[in-house]
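Given next are the chains, with one letter for each unit.
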Amino acid sequence: MKPLTNLRMSWRAIRSHKLRSTLTTLGVVIGVAAVITFVTLGASLQAGIIGDISPDDRQNIYGWAAPEESSNQGPLAGAQPVFTQADVENLSEQPGVRTAYGYTPIPSQSVDFRGERIPRQDAVVATGPPYVDADEIAEGRQFRMGEREAVLNPAMANAFEENVTVGDTITVTTFGGRQVNATVVGITEDSESRSPFEGFGPGPRVYLPLDPYYTEFVSGAQETPRFAAIVVEANSLDAVDRAKESTRTYLETESDAEAQAGDELTYQLQTSTELLGQLQSILDQLQAFVVGIAALSLVVGSIGIANIMLVSVTERTREIGIMKAVGAQKRDILTLFVTEAVIVGIIGSVLGTLLGLAAGWAGAQYIDIPLTYPVEWFGIAIAVGILVGVFAGLYPAWRGARTDPIEALRYE
């Protein structure tokens, strides 16, 4: 049988049962779309994280003190406020270190401005003035320690219906219900995070002075404000290892933090590259899990194709008998039914890929991450659609090819 004739007969058989063929194709469409959507979102999220790591960030060393059992639970897991301002100043003088600063993330319920509330859990950071360099202030000035002042990034300043400007007052509400006011004295140039502990990306941020907000926000806070995390900037990329070693030596031998950490806490020192590797590993595992679940839809779709092909073989038993009676070979019957299944698989994979691209774009826009399409997965999706069609159609095609022509002609 000529290939063109084979394709024409297969397409005619599919069109003769539009509803059944559509429902069968829909299974493949949903399966491929789900896979493409999650792969696109995963690639976009990873690209966003990598894009937020600038060359200067790669010189940073992030440190915190936590119980040993928390060491593999991610950045800042189990971190305790143990670092003093004296520790930060002394770290700035260690070999290979250009500067150091500390901060304490404050879990907040919301940030309010003129009656409008923005729910944010990761928006507030209590720190010292060096955390946000004076050169990074686009409007106003840096906050002063001991004053009820705040510096915002543009993402937070523009998050409200009426933009926050220098001189306005905002209200921060913690999960315990405590509310404190702060006068905005500065707005930074950009919205990039200063640390992966704040969350990667241009999220809204409020920077408050450790004094007086530390004792008001941190449960069980001591009289001397202490940071939960430190950032040590190396002199250069080549000096990162040296700075990391000197930081650990100081913390374990001379620091104020050592008295607080004792034997119960261990110091975790990681570079931005190491933190990025951990996050990518977590994202890869999560993406593989989600894609695996989405791939189950393809299994369902293949079962649907096999089902419709088996029904088609049964309904067309007499037609198969006539084809064999006029000289059709087993391979012709086999090719005919496999072609039908492959057509359904290809159509489903193409439509599923397009739907997945649209869903991936919508998802990236919704969660505000840069869109990245994993091009290699488009070819994989088409190939999977073909394979699903081939494997799902093999048995029905084999069964149709084995049909006895005499019995088929007698079939009603």
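Residues numbered from 1 in each chain as written. Predicted model: local features only at pLDDT ≥ 70, side-chain atom pairs only at ≥ 80, totals over all residues. Heavy atoms only, no water.

(A) Geometry of the packing of aromatic side chains. Scanning the entire structure with this criterion turns up 5 aromatic pairs. Ring geometry for Tyr103 and Tyr131: centres 4.8 Å apart, planes at 45°, overall tilted. Of this pair, Tyr103 sits in strand β2 (residues 97-106) while Tyr131 sits in the loop between β5 (124-127) and β6 (137-140), placing them 28 residues apart in sequence. Tyr131 matches Tyr103 in its accessibility class, with the two residues each being buried. With centroids separated by 5.8 Å and ring planes inclined at 55°, the aromatic side chains of Tyr131 and Tyr207 adopt a geometry described as tilted. In this pair, Tyr131 is assigned in the loop between β5 and β6 and Tyr207 in strand β10 (residues 206-209), connecting sequence segments 76 residues apart. Assessed through its relative accessible area of 2%, Tyr207 is described here as buried. Taken together, Tyr101, Tyr103, Tyr131 and Tyr207 form an aromatic cluster joined through their ring pairs. (Phe/Tyr/Trp six-rings, centres within 6.5 Å; stacked < 30°, edge-to-face > 60°. Helix = DSSP H or I, 4+ residues; strand = E, 2+ residues; numbered from the N terminus. Buried < 20%, exposed > 50% of the residue type's maximum accessible area, 1.4 Å probe, protein only.)

(B) Layout of a nonpolar patch on the surface. Where nonpolar side chains cluster on the molecular surface, the patch consists of Trp11, Ile346, Ile347, Val350, Leu351, Leu354 and Ile386 and spans about 550 Å² of accessible area. When you line up the elements, Ile386 lands in helix α11 (residues 376-401). By relative accessible area, which is 31% here, Ile386 ends up partly exposed. (Patch = residues over 30% accessible without salt bridge, like charges linked within 9 Å, V, L, I, M, F, W, Y side chains within 5 Å. Areas by Shrake-Rupley, 256 points an atom, 1.4 Å probe, with all protein chains shown as cover. Salt bridge = Lys/Arg side-chain N within 4 Å of Asp/Glu carboxyl O.)

(C) View of a negative patch on the surface. Judged by side-chain charge, Asp133, Asp135, Glu189 and Asp190 come together as a negatively charged surface patch. Structurally, the position occupied by Glu189 is in the loop between β9 (179-188) and β10. A residue is classified by how much of its surface remains accessible, and Glu189, at 52% relative accessible area, is exposed. (Lys, Arg positive; Asp, Glu negative; His and termini not counted. Charge placed at Lys NZ, Arg CZ, Asp CG, Glu CD.)

(D) Looking closely at the pattern of salt bridges. Tallied over the full model, the rule gives 6 salt bridges. One salt bridge in this structure joins Glu149 and Arg141, with 2.8 Å as the shortest N-O distance. Relative accessible area serves as the criterion here: at 8%, Glu149 is assigned to the buried category. Glu252 is the partner of Arg248 in a salt bridge, and the nearest nitrogen-oxygen pair spans 3.7 Å. On the criterion of helical spacing, the pair formed by Arg248 and Glu252 is a turn pair, its members being 4 residues apart in helix α6 (residues 240-253). Salt bridges sharing common partners tie together Arg114, Glu162 and Asp168.

(E) Geometry of the nonpolar core. Ranked by size, the top nonpolar core spans 47 residues in total, and within it Phe83, Ile170 and Val206 carry the most contacts. Non-local contacts of Ile170, meaning those with residues more than four positions away in its chain, are made with Val111, Asp112, Phe113, Ala150, Leu152, Val164, Val180, Asn181, Ala182, Val184 and Val206. Counting 17 residues, the second-largest nonpolar core is a separate cluster that includes Trp64, Ala66, Tyr103 and Val151. (Core = buried A, V, L, I, M, F, W, Y, C linked by side-chain atoms within 4.5 Å. Contact = heavy atoms within 4.5 Å.)

(F) Examining unusual backbone geometry more closely. Note the cis peptide between Asp211 and Pro212, where omega equals 20°. Mapping Pro212 onto the fold places it in helix α5 (residues 210-217). In this structure, Arg114 is a non-glycine residue whose phi angle is positive, near 50°. Position of Arg114 relative to the elements: it lies in the loop between β3 (108-113) and β4 (116-119). Among the residues examined, Arg114 registers a relative accessible area of 57% and is labelled exposed.

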